Amino acid sequence: MPGFFREAARRVFAQELKDSNLTSRDESDQYAPQYVLTPTGAKVNRIFLVGTLIEKEDIGTDSEYWRGRVSDPTGSFLVYAGQYQPEAAQFLAECELPAFVAVVGKTSTYTTDDGNVLTSIRPESIQQVDELTRNLWVLDTAKQTLERIRAIEAEEDQNSKLAKEHYSTDTGYYREIVKKALESLKERE
C-alpha cells in the first residue's frame, strides 16, 4: 500500500500568487491535488505564508465563514475559513487586528465570468507569530523566488519552461518584487 505524503508548502509572495492563473491536476482523478503554477515556476498545492492580518470579516449567511486579508510587502492574500477549517475560523474570529500571522493552507482558484482567475487560500492552520518570524519568511521567500527566477532564465526544469511559455515571465519584474520586499525590511530598522 503506498504511503500517504503531504505536499510541501511553498513560499510565494502575494503579488506572484495574484499573477498566477495556470492550474493543473497530475491525474484525471477528481481527488488528485490541484496545483497552481506561478510565473516563476513554483508548483503550488500548499502554501506557507507569513504576513500581517489586516482585515477579517464573517461573510457567512447560515454559519460562520471568515474571510481574512493577510498582507506581505508585495500585496495581500485572501484566506477563507469556515466549518471545515474550525481552528482557523476560530482564530480569525478571536484575533485582534493587526497581527503578524503564519498560515499554512491549500491554494484555491476561482475563474470569474470575464475569465479572470482569483486565487485564495483555505488555511489548514493559522497562528500568531512575531515580527522576526515575518522578517525571516520575507528573506526565505525572497531567496526561493530568486532561485526560481534563475531556473526560469536557464530553463532548468519542466515547471520553469512551462511557466515561461505560459506567462512569458518578465524576470526583471519579479526581481523588482523581491527587491521591494527586501527593502521593506530595511525601512523597519
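What comes next is a walk through the structure. All residue numbers here refer to positions counted from 1 along the written sequence of the relevant chain. Given that the model is predicted, a residue must reach a pLDDT of at least 70 before its local features are reported, and side-chain atom pairs must reach 80 or more before they are shown or counted; all residues, however, enter totals for whole chains, interfaces and linings. Side-chain calculation: all heavy atoms of the structure are included, whereas hydrogens and water are not.

Turning our eyes to something else, we now look at the packing of helix H3 (residues 131-154) against helix H5 (residues 171-187). Lines fitted to C-alpha atoms define the axes here, with helix axes fitted over just the stretch in contact, and angles between the N-to-C directions of these axes take values from 0 to 180 degrees. Secondary structure elements follow DSSP: runs of H or I of four or more residues count as helices, runs of E of two or more count as strands, with numbering from the N terminus. The N-to-C vectors of H3 and H5 enclose an angle of 165 degrees; their axes lie 10 Å apart at closest approach. The orientation of H3 with respect to H5, classified from their angle, is roughly antiparallel. Viewed along their axes, H3 and H5 form a crossing whose handedness is left-handed. Seen from H3, the contacting residues are Arg134, Asn135, Val138, Leu139, Ala142, Thr145, Leu146, Ile149, Arg150, Ile152 and Glu153; seen from H5, they are Thr171, Tyr174, Arg175, Val178, Ala181, Leu182 and Leu185. Classes in brief: Ala, Val, Leu, Ile, Met, Phe, Trp, Tyr, Cys and Pro nonpolar; Asp, Glu, Lys and Arg charged; the others, Gly included, polar. Partitioning the contact of H3 with H5 into residue classes produces 11 nonpolar, 3 polar and 4 charged. In this scheme, roughly parallel covers angles under 35 degrees and roughly antiparallel covers those over 145, while 65 to 115 is roughly perpendicular and the rest are oblique. In this scheme the handedness of a crossing depends on how the near helix is turned from the far one: anticlockwise by less than a right angle means left-handed, clockwise means right-handed. In this description, contact between two residues means that some pair of their heavy atoms is separated by no more than 4.5 Å.

Here we take up empty space enclosed by the protein. We place a 1 Å grid over just the protein atoms. Points where a 1.4 Å probe fits but has no way out form a cavity, open points with protein on both sides within 12 Å along at least 5 of 7 lines form a pocket, and any residue with an atom within 4 Å of a point lines it. Grid points are joined across faces, edges and corners, and a volume is the space filled by probe spheres set on the points. Applying the stated criterion to the full structure yields 1 cavity of 30 Å³ or more. By volume, the largest cavity amounts to about 30 Å³. Along its surface, the largest cavity is lined by Phe13, Glu16, Thr145, Tyr174, Ile177 and Val178. Broken down by element, the residue count for the lining of the largest cavity peaks at 3 residues, all from H5. Among the residues making up the lining of the largest cavity, the classes are represented as 4 nonpolar, 1 polar and 1 charged.

What follows concerns the sheet that holds strand E2 (residues 22-25). Strand pairing requires that DSSP identify at least two bridges connecting the strands. If you trace the 3 strands from one edge of the open sheet to the other, you get E2-E3-E4, paired in antiparallel fashion. In this open sheet, the two strands that pair with only one neighbour each are E2 and strand E4 (43-44). Alignment of E2 against strand E3 (residues 34-37), held across 4 bridges, turns out to be antiparallel. Residue pairing for E3: Leu22 is matched across the bridge by Leu37. Sheet strands touched by helix H4 (residues 158-167): E2, E3 and E4. Its angle to E3, the strand with the most contacts, is close to 65 degrees.

Bringing H3 into the picture now. Think of an α-helix as 3.6 residues a turn; residues three or four steps apart then line up on the same face. Its 24 residues give H3 an end-to-end C-alpha distance of 35 Å, which sits within 8% of 34 Å, the value for a rise of 1.5 Å per residue. Partly exposed describes any residue whose relative accessible area lies between the buried limit of under 20% and the exposed limit of over 50%, with all areas from a 1.4 Å probe on protein chains only and scaled to the type maximum. All of the buried residues in H3 are Arg134, Asn135, Trp137, Val138, Thr141, Ala142, Thr145, Arg148, Ile149, Ala151 and Ile152. Following H3 by one or two positions, Glu155 adopts a phi angle in the positive range, close to 50 degrees. Each helix should span, by expectation, one fewer than its residue count multiplied by 1.5 Å.

Between H3 and H4, the least distance of the axes is 8 Å, while the angle of their chain directions is 75 degrees. Classified by the interaxial angle, the pair formed by H3 and H4 is roughly perpendicular. Across from Ala151, Ile152 and Glu153 in H3, the residues of H4 making contact are Ser160, Ala163 and Lys164. Residues belonging to the contact of H3 with H4 are distributed by class as follows: 3 nonpolar, 1 polar and 2 charged.

Omega for the peptide link from Leu97 to Pro98 comes to -15 degrees, which places this bond in the cis form. If you check the backbone angles, Glu155 has positive phi at about 50 degrees while not being a glycine. Examined against the element boundaries, Glu155 turns out to sit in the loop between H3 and H4. Among the residues examined, Glu155 registers a relative accessible area of 38% and is labelled partly exposed. A positive phi angle, close to 50 degrees, is found at Ser168, a residue other than glycine. Locating Ser168 in the fold gives a position in the loop between H4 and H5.

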